[in-house]
Structure formats: structure tokens, C-alpha cells
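Observations on the three-dimensional arrangement
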Amino acid sequence: MNATQVRKTALLALFCVLSTLSPYCYESLAAPISQSLKRSSSSINFGVDSPSPSLSMQGSFKDFSGELLLNPTKIESSKIKLSLNLASAQLPPDQLLQAIFLQTALARFKQHSGTFESTSIEKIRDNTYLVTGNYTWMKRTKRTTLPVQIIRASPAVTEIKLLLDGAVQAKDLQPETAQLAPGIQGSKGWAQATLVFVP
């Protein structure tokens, strides 16, 4: 959606308010809005807390993208798709040992990019939703649910936040990673993202 279309949508919304929200307005405003992730305004940070100091780390991903099909009047019918390049992980200079381990681990994988595509969205409280979908990496697909908080949602800009945390289990590891560092099992990992989508 370009700037002209955004202005038209805003004017239509104002018209609907002035005309007491006629059925025509409901139908028009319910049309899905296509938005793309604005990487310069977004961030994805991650961390691993491990019993082994050499495996504990905090960093961020630099290469990611996403598409959002937003229904402002019914968020539950919206769709989201995210892609993340694991090889774009960066650690600060004071985590040199962890950076070497991370790059060694990633070098064992032929594919570094993973994708998440939503299949359903459920509202659990004001501005907070559970987004369920399929996460695919290394030709393996796993059903995943993400807790998402919507900061703002409009035709002009949509901003969401998500936070994941939990223990690393053996069943979650790729064979290559398990062989490289068996001690990583039982570590606690987390990821925090702020994602901004614009037309």
C-alpha cells in the first residue's frame, strides 16, 4: 500500500465515524492490508544461559525479513510470515570465545535460514495474542506457538513484540549441534524481538 492508499484508508475511516459506521464501512475497513517488515526499525536479540560459561552468550540477529497481512478490525484473521538467517548472529567483542563456538556450530549446517508461517491467531487478553504456525528449518517443520504483544496496528504502521524463553532439550537439537556440544542440553535460551511493519 502506497502513501495515497494510506490516505484514502484514513479518510474512509473518518467517513465511517461520521456516518455511524455503516455496513459498507465495516466491509471496506476489513479488507486485509499488506505490510512488509522494516528491518531498520526492528530488532531480534537472543541469549543463552548455560552452566558452562563458554556457552553463555547474548547477541542479536542482523538478517531477517517478514510479511504481514493485517486485518485491523479482526486481528485473529491476520497472517504473518517471518524469515531469519541464523548465520547473521552477532556477539559483542567481549564474547570472543562464544563467537568462535557459535560460528563453528553454524558452519556444520548446510542451511542457515528458517521460516515461520502462521496458521492461526488467538486473543488471550488485551493486545496479547498466541500466534500458532509452522517453523521450517533444515527441511524439518515443527508446529510452534509464539506469544505476541501488539503495540500498535494501523494501515500506516504495525508494531509487535514477542518474547520466547525455555530450557534447551535434547529433542530440540539438530544432531550436528548435539555432537558438537553435548553440554548445551539444559541451558536456558531466550529471544526478544521488536518487529515493525509498514506498507
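Chains are numbered independently. Their residues run from 1 in the order of the written sequence. Selection of residues for local features in this predicted model requires a pLDDT of at least 70, selection of side-chain atom pairs for listing and counting requires 80 or more, and totals for whole chains, interfaces and linings are taken over all residues. The basis for the side-chain values is all heavy atoms of the structure; hydrogens and waters are excluded.

1. Focus: the overall build of the chain
Spelled out, the test is: Helix and strand assignments come from DSSP, with helices taken as H or I runs of at least 4 residues and strands as E runs of at least 2, each series counted from the N terminus. Here the term buried applies to any residue with accessible area under 20% of the maximum for its type, exposed to any over 50%, and partly exposed to those in between, with areas from a 1.4 Å probe on protein chains only. Every residue pair with non-hydrogen atoms within 4.5 Å of one another is taken to be in contact. Note on areas: Shrake-Rupley with a 1.4 Å probe; residue coverage comes only from the protein chains shown.
Counting secondary structure elements, the chain contains four helices and eleven strands. Per-residue burial for the chain yields a buried fraction of 37% across its 199 residues. Nonlocal contacts in the chain, meaning residues at least 24 apart in sequence, comprise 59% of its contacts between residues at least 6 apart. As presented, the chain carries roughly 11600 Å² of accessible surface, and 57% of it is formed by carbon and sulfur atoms.

2. Re the environment of Glu-122
Inspection of the secondary structure assignment puts Glu-122 in strand S7 (residues 113-125). Take Glu-122: its relative accessible area is 48%, and that puts it in the partly exposed class. A sequence separation of 45 residues divides Glu-122 from Ser-77, and the C-alpha atoms of the two residues are 9.2 Å apart. If sequence neighbours within four positions are ignored, Glu-122 has contacts with Thr-128, Tyr-129 and Leu-130.

3. What to know about the pairing of strand S5 (residues 79-85)
Applied cut-off: A pair of strands is labelled paired if DSSP reports no fewer than 2 bridges between them.
In the sheet, strand S4 (residues 64-70) pairs with S5 via six bridges, with the strands oriented antiparallel. Residue pairing in the sheet places Ser-65 in a bridge with Ser-83 of S5. One ladder, built from five bridges, connects S5 with S7; its direction is antiparallel. Bridging from a neighbouring strand, Lys-81 pairs with Glu-117 of S7.

4. Overview of the pattern of salt bridges
Put simply, the test is: Salt bridges are identified by distance alone: a Lys or Arg side-chain nitrogen within 4 Å of an Asp or Glu carboxyl oxygen.
Under the counting rule described, the total for this entry stands at two salt bridges. With a closest N to O distance of 3.0 Å, Glu-159 and Arg-152 form a salt bridge. The buried category is assigned to Glu-159, whose relative accessible area is 14%.

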